[in-house]
Amino acid sequence: MSNPNRKLILNLFIYPGGHHEAAWRFKESEPGRVLDISYYQELAQRAEAAKFDAIFFADGPSLPENVRYSSRLRFEPITWLAAIAAATQKIGLIATASTTYTEPYNLARLFASLDHLSKGRAGWNIVTTGDAGAAQNFGLPEHPPHRDRYEKAREFLEVVTKLWDSWEDGALVADPESGVFADTDKVHSIDHIGKHYRVRGPLNIARSPQGRPVYVQAGSSDDGRSFAAQHAEAIFTAHQTLASAQSFYADIKTRAAALGRRPDHIRVLPGISPYLGSTQAEADKLEEELNDLVQPAASLEQLKRMIGVDLTGHDLDAPFPRHLVDTGGLKAVASRFQLVVDIIDREKPTIRQLIQRLAGGRGHWVLAGTPVRIADAIQTWFEQGAADGFNVMPPWLTGGFDAFASEVVPILRKRGLFREEYSGDTLRDHYDLPRPKSSYALAQRKSA
């Protein structure tokens, strides 16, 4: 490890019921509570007690087709996290919001409000939305192409950043004696006119505690990597092997340095879905129990969305028909497409083996083992240039998280890898990221 003071980052990635496709059917799950906010507040409190850096909530602006067999309900994430903020004190709060299906001004208000409500714990997971079905919910004839979505996302982020910077620090005076509520010399219209957006500004809420929420990004395609290297402060990513994770990690840090950014100001956080047992056999049995609950129809639909191949009616125990995968199609540019194809080429699975593999974490790293084995794997990736931390994706809730927090986290602490206590109050503090200054304040300082 190059920096002996470097600490592991751990986020709890909350998915209704858990990350296994069949988690809601598992004997220890509580599917009746998936719309009960107290369920999530309690879970966030447990993560905070374990000193996790943040909780992360994914989102998408459409209902997936396999809701018949899988837990696919979603709270609107800012509303959801506002309720979490009221029940916690320190843990970071990261939510997904789409640059394709929201407007910059509305999004800037929402996240600035969350950052104020939580006293500086907000993070924005920036996505362009991969689900083509979302277009019909917003009056669009079709889903924009991958590259077009990223082009628009760059301008979207530019506008949002300007809005968050439009109030300088100290602009909110609130001085009863002078009668001055705001120093208007420090409040700026942004007057943005671009290809996709025209936004005057300024934002109608003062600069937030973190200056801006932490910028998080979750795409690993070439467009996604370029976007992340330029803008992201944390990157959520999916890898199956140490070598793949190391390659991604080095690529992102190299791209960032070439753009004049400090590589140590970007946190790379792969997903890990751990199945814990007191023995390896016990952990394997737990994974098998969940896999046995999978509804093949739902998993085949998921596979179709990922790689564009419909295997309905095929023999599930036959070798996967690799020749049906179109590596030159539109889906091939997506990072998750390549990840699934790599599994097929590397492991030569049957169809059933592949859908069970993906059911466990939708392409993220699934690992069954004892607490020591899980801790060893985390340490290896952390110390060998593959990760700055992890998104922990419990197979089912809440027991899957409780086992990780009570059995793996103490091992990581004993090895000096993970904190005993929070050393700061904001998400930027937890991630050891600088608080950005308003670009307007910097511009005025340069011209002075």
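The structure under discussion appears in the preceding block.
Notes on the structure follow.

**Considerations on the overall build of the chain**
Piece 1. When helices and strands are tallied, the chain shows 14 helices and 13 strands.
Piece 2. In terms of overall dimensions, the chain is globule-like: its C-alpha atoms have a radius of gyration of 22 Å, near the 22 Å expected for 448 residues.
Piece 3. The 448 residues of the chain split such that 54% are buried.
Piece 4. Sequence separation of at least 24 residues holds for 78% of the intrachain contacts in the chain that already meet a minimum separation of 6.
Piece 5. Here the chain has roughly 19,200 Å² of accessible surface; of this, 51% comes from carbon and sulfur atoms.
Piece 6. Across the chain, 52 positive and 55 negative side-chain charges occur, with their mean positions spaced 3 Å apart.

**Thoughts on helix H11 (residues 371-383)**
Piece 1. Taking 1.5 Å per residue, 13 residues should reach 18 Å; H11 reaches 18 Å between its end C-alpha atoms and fits that length.
Piece 2. Every buried residue of H11 is accounted for by Pro-371, Ile-374, Ala-375, Ala-377, Ile-378, Gln-379, Trp-381 and Phe-382.
Piece 3. In the segment just after H11, Gly-385 is the residue with positive phi, at about 70 degrees.

**Notes on the nonpolar core**
Soluble globular proteins tend to bury their nonpolar side chains together.
Piece 1. Formed by 73 residues in total, the largest nonpolar core has its most connected members in Leu-10, Phe-52, Ile-55, Trp-124, Trp-164 and Phe-404.
Piece 2. For Trp-164, the residues in contact, after removing those within four places along its chain, are Leu-107, Ala-108, Phe-111, Ala-112, Trp-124, Leu-203, Arg-207, Gly-211, Arg-212, Pro-213 and Tyr-215.
Piece 3. In terms of nonpolar packing, the next biggest core, distinct from the first, is built from 20 residues, Ala-238, Leu-300, Leu-311 and Ile-351 among them.

**Examining the packing of helix H8 (residues 296-307) against helix H10 (residues 351-359)**
Piece 1. Relative orientation of the contacting elements H8 and H10 amounts to 80 degrees, with a least axis distance of 10 Å. Accordingly, the angle class assigned to the pair H8 and H10 is roughly perpendicular. Contacts between H8 and H10 involve Pro-296, Ser-299, Leu-300, Gln-302, Leu-303 and Met-306 from the former and Ile-351, Leu-354, Ile-355, Leu-358 and Ala-359 from the latter.
Piece 2. Class assignment for the residues of the contact of H8 with H10 results in nine nonpolar, two polar and no charged.

**Topic: the side chain of Glu-48**
Piece 1. Locating Glu-48 in the fold gives a position in helix H1 (residues 37-49).
Piece 2. Buried charge Glu-48 goes without a salt bridge, the closest partner of opposite sign being Arg-121 at 4.3 Å.
Piece 3. Within polar-contact distance, the side chain of Glu-48 engages the backbone nitrogen of Lys-90 at 2.4 Å.

**What to know about the pairing of strand S2 (residues 54-57)**
Piece 1. Here S2 shows a buried face lined by Ala-54 and Phe-56 and a second buried face lined by Ile-55 and Phe-57.
Piece 2. In this sheet, S2 lies alongside strand S1 (residues 9-14) in parallel orientation, the contact comprising four bridges. Following the sheet pairing, Asn-11 is matched in S2 by Ala-54.
Piece 3. Handedness of the β-α-β unit built from S1, H1 and S2 comes out right-handed.
Piece 4. In the sheet, S2 pairs with strand S3 (residues 92-98) via four bridges, with the strands oriented parallel. Along S3, the bridge assignment pairs Phe-57 with Ala-95.

**A word on the pairing of strand S4 (residues 122-127)**
Piece 1. The element S4 is largely enclosed, with a buried count of six among its six residues.
Piece 2. In S4, alternate side chains face the same way, and those of Ala-122, Trp-124 and Ile-126 on one face and Gly-123, Asn-125 and Val-127 on the other are all buried.
Piece 3. Bridge count for S3 against S4 is six bridges, and the pairing is parallel. Along S4, the bridge assignment pairs Ile-94 with Gly-123.
Piece 4. In this region the chain leaves S3, passes through helix H3 (residues 104-117) and returns to the parallel neighbour S4; the handedness of that crossover is right-handed.
Piece 5. Pairing between S4 and strand S9 (residues 214-217): four bridges, direction parallel. Each residue of the ladder has a partner; that of Asn-125, found in S9, is Val-216.

Parameters at a glance
Residue positions within a chain follow its written sequence, with the count starting from 1. Since the coordinates come from a predicted model, pLDDT governs what is reported: local features require at least 70, and pairs of side-chain atoms require 80 or more to be given and counted, while whole-chain, interface and lining totals use all residues. Side-chain metrics rest on all non-hydrogen atoms present in the structure, leaving aside hydrogens and water. What counts as a helix is a DSSP run of H or I of at least four residues, what counts as a strand is a run of E of at least two, and both are numbered from the N terminus. Using C-alpha atoms as the atom set, the radius of gyration is obtained and then compared with a globule rule of 2.2 Å times the number of residues to the power 0.38. Each residue is assigned to one of three classes by its accessible area relative to the maximum for its type, calculated with a 1.4 Å probe on protein chains only: buried under 20%, partly exposed between the two thresholds, exposed over 50%. Whether two residues are in contact is decided by their heavy atoms: any pair within 4.5 Å suffices. The protein chains shown are the only cover counted for residues, whose accessible areas, like all others here, come from Shrake-Rupley with a 1.4 Å probe. Note on charges: Lys and Arg go in the positive column, Asp and Glu in the negative column, and His and the chain ends are not counted at all. Think of each charge as sitting on NZ of Lys, CZ of Arg, CG of Asp or CD of Glu. Helix span, expected: 1.5 Å multiplied by one less than the number of residues in the helix. As used in this record, nonpolar core signifies buried Ala, Val, Leu, Ile, Met, Phe, Trp, Tyr and Cys residues forming a set joined through side-chain atoms within 4.5 Å. Here an angle of 0 to 180 degrees is reported between the N-to-C directions of two axes, which are lines fitted to C-alpha atoms, with helices fitted over the stretch in contact. Reported orientations rely on four angle classes, namely roughly parallel under 35 degrees, roughly antiparallel over 145, roughly perpendicular from 65 to 115, and oblique for the rest. Three categories are distinguished: nonpolar for Ala, Val, Leu, Ile, Met, Phe, Trp, Tyr, Cys and Pro, charged for Asp, Glu, Lys and Arg, and polar for the others, with Gly belonging to the last. A pairing counts as a salt bridge when a side-chain nitrogen of Lys or Arg comes within 4 Å of a carboxyl oxygen of Asp or Glu. Under this definition, polar contacts are N or O atom pairs within 3.5 Å; protein pairs additionally need one hydrogen-donor-capable and one acceptor-capable atom, and for neighbouring residues in sequence, both atoms have to be side-chain atoms. Strands qualify as paired when DSSP identifies two bridges or more between them. Call a crossover right-handed when, viewed with both strands pointing away from you, the route from the first strand across the helix to the second goes clockwise.

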